[in-house]
Every structure is written in C-alpha cells, then in structure tokens.
Amino acid sequence: PRGDLHAEVVVLGAGPGGYTAAFRAADLGKKVILIERYPTLGGVCLNVGCIPSKALLHVARIITEAEEVENLGITFSKPKISLEKLDAWKKTVIHKLTKGLDTLAKQREVKILHGTGQFVSPHMLQVITESGSKSVSFDNCIIAAGSSVNRIPGLPYDDPRIIDSTGALKLEKIPKHLLVIGGGIIGLEMATVYAALGSKISIVEFMDQLIPGADADLIKPLYKRLKKRYEAIYLNTRVTNINAKKSGLTVSFEGENAADPQTYDSILMATGRHPNGFKIGAESIGIQIDDKGFIRVDNQLRTNFSHIFAIGDIAGNPMLAHKATYEGKLAAEVIAGHKVAFDARAIPSVAYTDPEIAWMGLTEREARQQGIDYEKVSFPWAASGRAISMARDEGLTQLIMDKKTRKILGAGIAGVNAGELIAETMLALEMGADMEDIGLTIHPHPTLSETVFFAAEIAEGTITDLF
Ligand code: FAD
C-alpha cells in the first residue's frame, strides 16, 4: 500500500550519513524523501558535534598560542572573553553549513519532511510532523538515525551544572572547576576549549590511558602536556557518586588512583555514545539489531531486508562523520544498481586536542594481537625543523609496516595538525604504498608533512637530511 507520501528512496535522519545518501541517490536519478526530526539538517555533526566543537577549538588554539608565545618574547594581555559573541560566531558557522545543505537539497529536488519517523511495516514509516501524522511508503529505505549520548545510571542529571557535550557547546558559562568524566576524544576536546577559556580542568578515565583506542606511546605527548596544564588526571578510576549541593558538586571516586571526594562547579559527562537502533521501531518489523543497538548490515550496508539499508553511527563503529558520509554514498549507489561494496582499507580517527592525535589502519596493539609480522618506525618531532621553529616539537610520527613487503599497514601521529597530516598515510595505505614509495616522494621543506617522509626514510635506512 502507498502512504500519504511515497518515494523510491526514503532516508531517515539528516546527519552526514543521511544527507549524503539522499543527495547521491537524487544525483543518480531517484525520487528521494529525507526525514528529519529537528528543524535544521546536518545531524549531530553540524549542529552539536564536529563543527561547533572545531569552531571553539580554533579559538582555544589562538588563546593558548598567544599565552605560549610569551616564552618567545611576545606578551599579550589576558584575553577578554565575550561568551555571547563567541556563541554568536559559533552559530554563524553552523548556520552557513546547515543553510548550505538546504540549498543542496533544493537543487536536487530532495523533499525534506520534518518529523519523527517510526517503522510500521517493511515498506512504510509513520512520521509525526507539526501538522499531524503522515505515512511515508518507500521502495528503498536508508536508516541514518545516528546515536545519542550515554548516561551513567544513578547520577543527578536534572542538575543544570551536569552537562553533556551538547550542553558544553552552548557556552552558558565558564566554570571555575570543571570535572570531565571520560577521557575519550569528545571529553578531551571540550576540556581543551574550557581550559583555554579559563576553567581549571580535572579528568577521570576508567581505562588506563586517555583516548583508549589509540596506541599508548602516541598518547604520551598529549598526556605530558595536559598533566602540566590541568589540575588532575585520574586514570583507572571511576566516579561512584555525585552529591549535588548548592555550594558545589562533590564527587566520590573509586579505583587505583582515586582521590578523596572533590568539589566542582560543573561536570561534563563524556562517557561515549550509543546507537539509536532501538528508537525507530526497527525491531517491531524484524530488522536485526545487536544488543548494543547497532543495526546489523552486510558489506553493502543492507539490513536483513534487502531493500532497507543502515549507515553511519547507527550501523556500527567507529562513530565518525567521515564513515557516515562514505557509507551514505555507498548505500545510494547500491540502490542505484552499482556493483560496489564497503572496501575502504581504513577509517582514520582524529582527536582535535592540543597536540592533536591521529591514527589510521592497524595500531601496534592490533598488529600484535593479530600476530602480524610488522615493524614500527618512529620519527620524533624533536628532529623536525618545522616543529622546532613552531616551538611545538613534542610530537611523534609513527608508521607501521609489513616487515616483508614494507607496505604501510598503519600510522599514528601526535602533534600540531596531526589530523591534516594523517591523510597522506591514508592515501599511501589505499594505494598500497611501501616505505620506499613514501621515502622517494619529495616533500616540501620545512613542513610537518616531512615527518611522514622522514619516518619512511628511517624504515629504509636512508635518512641523512635531518632538520
Ligand atoms: P547523526 O549525525 O547522529 O544524525 C542522525 C539524524 O537523525 C539526527 O539529525 C537526528 O535528529 C535524526 N533522527 C534520529 N531519529 C530520528 C527519527 N526517528 N525521525 C527523524 N529523524 C531522526 N565525528 C567526526 O568524524 N569528527 C569530529 O570531529 C567529531 N566531533 C564530534 C564532536 C562531538 C561533540 C560529538 C557529539 C560528535 C562528534 N563526532 C565527530 C561524531 C559525529 O558527529 C557522528 O559520527 C556523525 O554525526 C554521525 O552521523 P550520522 O549521519 O550517522 O548520524
């Protein structure tokens, strides 16, 4: 049966995965409806994720650099911060991008339906809109409904001083003492912002290192710097209780490095995100979902229904925007009949901390666990002319290669702009480059990109041109 509306392709959720899928499907000639519950397109990434966080991190970097240039003989006075203006600028950034998406949708005649969708049958969604409920039928559906923040049960979330990343991005005030629960990427990025704005930061992490997904030696330069700048970093520690009093939030800890109870003005909960698999009625029509809430998909992003696809955060880890967009394109192409499948060799990860941490492909830990015959080379930025002249030589560039073929298997970079630098190693991996290929590619001097080239030269035993 046909619904009130019908499309060849219906996309549920307009985040990076959903809008990319919708636009690609439209470009391939499909009639597309894109369903989104919020007033703006762009999902978590554009509205309360990647983009606003990077806008604020840009400001944090300027403040920190202005402070540190004092060591080089230049003194600025203390910054005056207008949260109102800063917030307005952040909103302008978001607005430019989300408005851009509206235009791109219009150009392609992608119909946007604002409302909350639920599956009612394998060919129908019911969408609650402002003007009432509408049924939307489809030949194909792409689920791109994303993820939500995790909450540790039993903590007093109704207290406005306890915020998540969305609350932190609102910039309502700068707490004097901020506790960040969770030392992963999102927690550390927000800590970087608030530290620059003047908060004293403490971090508590349940695992034995910050950013547990990355290799331990890559995290060292970050840890060392944060240890100096932040009040406390508690590893192997968890929060057992928050006692919310008028005078502050008193937090109890448990674990190897547990401190006595401490009091903070504000707490940022950054303990990860979970997929929205169980929130869209998918289980009611028999779509397979794993116990974490990820919708199960094959390498063409099909669910157990061959005409229903799932992409992005809801379809598996890593929960990153560039994975969502890659999958969005792919699902649309599969629907259009292209013979394509997910065959990316790696998905890079970046923590936009200070210094940045970026990695891709195999980590050393994974190489060891998988019994791969690998070799690792490290180039310390203390030997990079560019890093030294930027007064930021704490970084590190590492390449992991197959010991026999010398082909690159993975890379990790810690340092200023590591997120930009990792792209070269991604290309090398996709192209099947070996250490000789990288070491024979002339890199501009003096740049941080040379650190990748120097690492390859170390692997080849040809390094002479240090600095
Ligand atoms: P989402 O962006 O979550 O979009 C899903 C959309 O579906 C939402 O708009 C939602 O409203 C809509 N929706 C859900 N259910 C329904 C329904 N029933 N009906 C209608 N609409 C619905 N990733 C990076 O790669 N780089 C970064 O720097 C980065 N920084 C981040 C910083 C923060 C603070 C956060 C929270 C996340 C960050 N991420 C980053 C992660 C990134 O935001 C996500 O991986 C990305 O947004 C996932 O895209 P998606 O399309 O799968 O889902």
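Going by an unreviewed UniProt entry, the protein chain carries the name Dihydrolipoyl dehydrogenase and comes from Nitrosomonas marina. Recorded in UniProt under Sequence similarities (unreviewed entry), the annotation for the protein chain is "Belongs to the class-I pyridine nucleotide-disulfide oxidoreductase family." Regarding the protein chain, the relevant UniProt record gives this comment under Catalytic activity (unreviewed entry): "N(6)-[(R)-dihydrolipoyl]-L-lysyl-[protein] + NAD(+) = N(6)-[(R)-lipoyl]-L-lysyl-[protein] + NADH + H(+)".

Asker: Sorry if this is basic, but what is going on with the overall build of the protein chain here?
Answerer: Regarding its fold elements, the protein chain presents 13 helices and 22 strands. Taking 23 Å as the expected radius of gyration for a compact globule of 467 residues, we find that the protein chain reaches 24 Å, a close match to that expectation. By principal-axis analysis of the C-alpha atoms, the protein chain measures approximately 70 × 65 × 40 Å. Of all 467 residues assigned to the protein chain, the portion counted as buried reaches 43%. In the protein chain, 65% of the contacts between residues at least 6 apart in sequence involve partners at least 24 apart.

Asker: Is there a simple way to explain the environment of V44 in this structure?
Answerer: Position of V44 among the secondary structure elements: in helix α2 (residues 43-48). We classify V44 as buried; it has 25 C-beta atoms within 10 Å. As for V44 and Y223, which are separated by 179 residues in sequence, their C-alpha atoms are 28 Å apart. Sequence-distant contacts of V44, that is, excluding residues within four places in its chain, are made with G15, G49 and G146.

Asker: How do you make sense of the pairing of strand β10 (residues 200-204) when you look at a structure like this?
Answerer: For a regular strand, the rule is simple: side chains alternate between the two faces of the sheet. By the criterion of burial, β10 is predominantly enclosed, with 4 of the 5 residues buried. Relative to β10, strand β9 (residues 177-181) is paired through 5 bridges, and the arrangement is parallel. Residue pairing across strands places I181 opposite V204, the latter belonging to β10. Handedness of the crossover joining β9 and β10 through helix α6 (residues 185-197): right-handed. Note that β10 and strand β11 (residues 232-234) share 3 bridges and pair parallel. The residue of β11 that forms the bridge with S202 is A232.

Asker: Can you help me understand the packing of helix α3 (residues 50-68) against α6 in this one?
Answerer: Packed helix pairs are characterised by how far apart their axes lie and by the angle those axes make with each other. Interaxial distance between α3 and α6 falls to 8 Å at its minimum, and their mutual angle equals 45°. Between α3 and α6, the interaxial angle falls into the category oblique. Helix-helix and strand crossings are classified by hand; for α3 and α6 the assignment is left-handed. For the pair formed by α3 and α6, the contact residues are S53, L56, L57, A60, I63 and T64 on the first element and E189, T192, V193 and A196 on the second. Considered class by class, the residues forming the contact of α3 with α6 number 6 nonpolar, 3 polar and 1 charged.

Asker: What am I meant to see in the site of the ligand here?
Answerer: Around the ligand, a shell composed of 35 residues is seen, among which G13, G15, G43, G146 and G312 lie nearest. Taken together, the elements giving at least two residues each to the shell around the ligand come down to α1 (16-27), β2 (32-36), α2, α3, β4 (116-121) and α8 (321-335).

Asker: Sorry, what's going on with the packing of α1 against α8 here?
Answerer: Relative orientation of the contacting elements α1 and α8 amounts to 30°, with a least axis distance of 7 Å. On the basis of the axis angle, α1 is roughly parallel to α8. The two elements α1 and α8 cross, and the hand of that crossing is right-handed. Contacts between α1 and α8 involve P16, G17, G18, T20, A21, R24 and A25 from the first element and A321, A324, T325, E327, G328, K329, A331, A332, E333 and I335 from the second. Residues of the contact of α1 with α8, tallied by class, amount to 8 nonpolar, 5 polar and 4 charged.

Asker: Can you walk me through unusual backbone geometry in this structure?
Answerer: Glycine aside, the phi torsion of most residues is negative, and most peptide linkages are trans. Here the amide bond leading from N317 into P318 is cis, since omega sits at -10°, within 30 degrees of zero. When you line up the elements, P318 lands in the loop between β17 (308-310) and α8. Note the cis peptide between D354 and P355, where omega equals 5°. If you trace the backbone, P355 turns up in the loop between β18 (349-351) and β19 (356-361). For N236, which is not a glycine, the phi torsion comes out positive at approximately 50°. Considering the arrangement of structural elements, one finds N236 in the loop between β11 and β12 (237-245). The backbone phi angle of A391 is positive, close to 55°, even though this residue is not glycine. Counting through the fold element by element, A391 comes out in the loop between α10 (385-389) and β21 (396-402).

Asker: Any chance you could explain the pairing of β2 here in plain terms?
Answerer: For β2, the buried fraction is high: 5 of the 5 residues fall into the buried class. Examined bridge by bridge, strand β1 (residues 5-12) and β2 share 4 bridges and lie parallel to one another. Within β2, the residue paired with V9 across the bridge is V32. The parallel pair β1 and β2 is bridged by α1, and the resulting crossover is right-handed.

Asker: Would you take a moment to explain α1 for this structure?
Answerer: Spacing of three or four residues puts side chains on the same side of an α-helix, whose turn is 3.6 residues. With 12 residues, α1 extends 16 Å between its outermost C-alpha atoms, agreeing within 8% with the 16 Å of an ideal straight helix rising 1.5 Å per residue. Across the 12 residues that make up α1, a large majority, 11, are buried. Taken as a whole, α1 has its buried residues at P16, G17, G18, Y19, T20, A21, A22, F23, R24, A25 and A26. Against β1, β2, α2, α4 (83-107), β6 (132-143) and α8 lie the buried residues of α1. Taken from the residues just after α1, G29 is the one with a positive phi, measuring 95°.

Asker: What's the story with the sheet that holds β9 in this structure? I'm lost.
Answerer: What holds strands together in a sheet is hydrogen bonding between their backbones, with the strands either parallel or antiparallel. Read across the open sheet, the 5 strands follow the order β8-β15-β9-β10-β11; overall the sheet is parallel. At either end of the open sheet lies a strand with only one pairing partner, and these are β8 (162-163) and β11. Here α6 sits on the sheet and contacts β9, β10 and β15 (266-269); the angle it forms with β10, its principal contact strand, is near 165°.

Asker: How do you make sense of the nonpolar core when you look at a structure like this?
Answerer: Across soluble globular proteins, nonpolar side chains show a tendency to be buried alongside one another. Among the nonpolar cores identified, the biggest contains 132 residues, and V10, V11, I143 and I357 are the most heavily contacted of them. No other element matches α6, which puts 10 residues into this core. Once residues lying within four places of it in the same chain are set aside, the contact partners of I357 are I211, A214, L218, I219, L222, A351, A414 and A418.

Cut-offs used in this document
Residues numbered from 1 in each chain as written. Predicted model: local features only at pLDDT ≥ 70, side-chain atom pairs only at ≥ 80, totals over all residues. UniProt positions renumbered as here; feature names shortened; annotations may be inferred. Helix = DSSP H or I, 4+ residues; strand = E, 2+ residues; numbered from the N terminus. Rg over C-alpha atoms; globule rule 2.2 N^0.38 Å. Buried ≥ 20, exposed ≤ 12 C-beta atoms within 10 Å, placed from the backbone. Contact = placed C-beta atoms within 7 Å. Pairing = 2+ DSSP bridges. Right-handed = clockwise from strand over helix to strand, strands pointing away. Axes fitted to C-alpha atoms, helices over the stretch in contact; angles between N-to-C directions. Parallel < 35°, antiparallel > 145°, perpendicular 65-115°, else oblique. Left-handed = near helix turned anticlockwise from the far one by under 90°. Nonpolar A, V, L, I, M, F, W, Y, C, P; charged D, E, K, R; others polar. Near = placed C-beta within 6 Å. Expected span 1.5 Å × (residues − 1). Core = buried A, V, L, I, M, F, W, Y, C linked by C-beta atoms within 7 Å.

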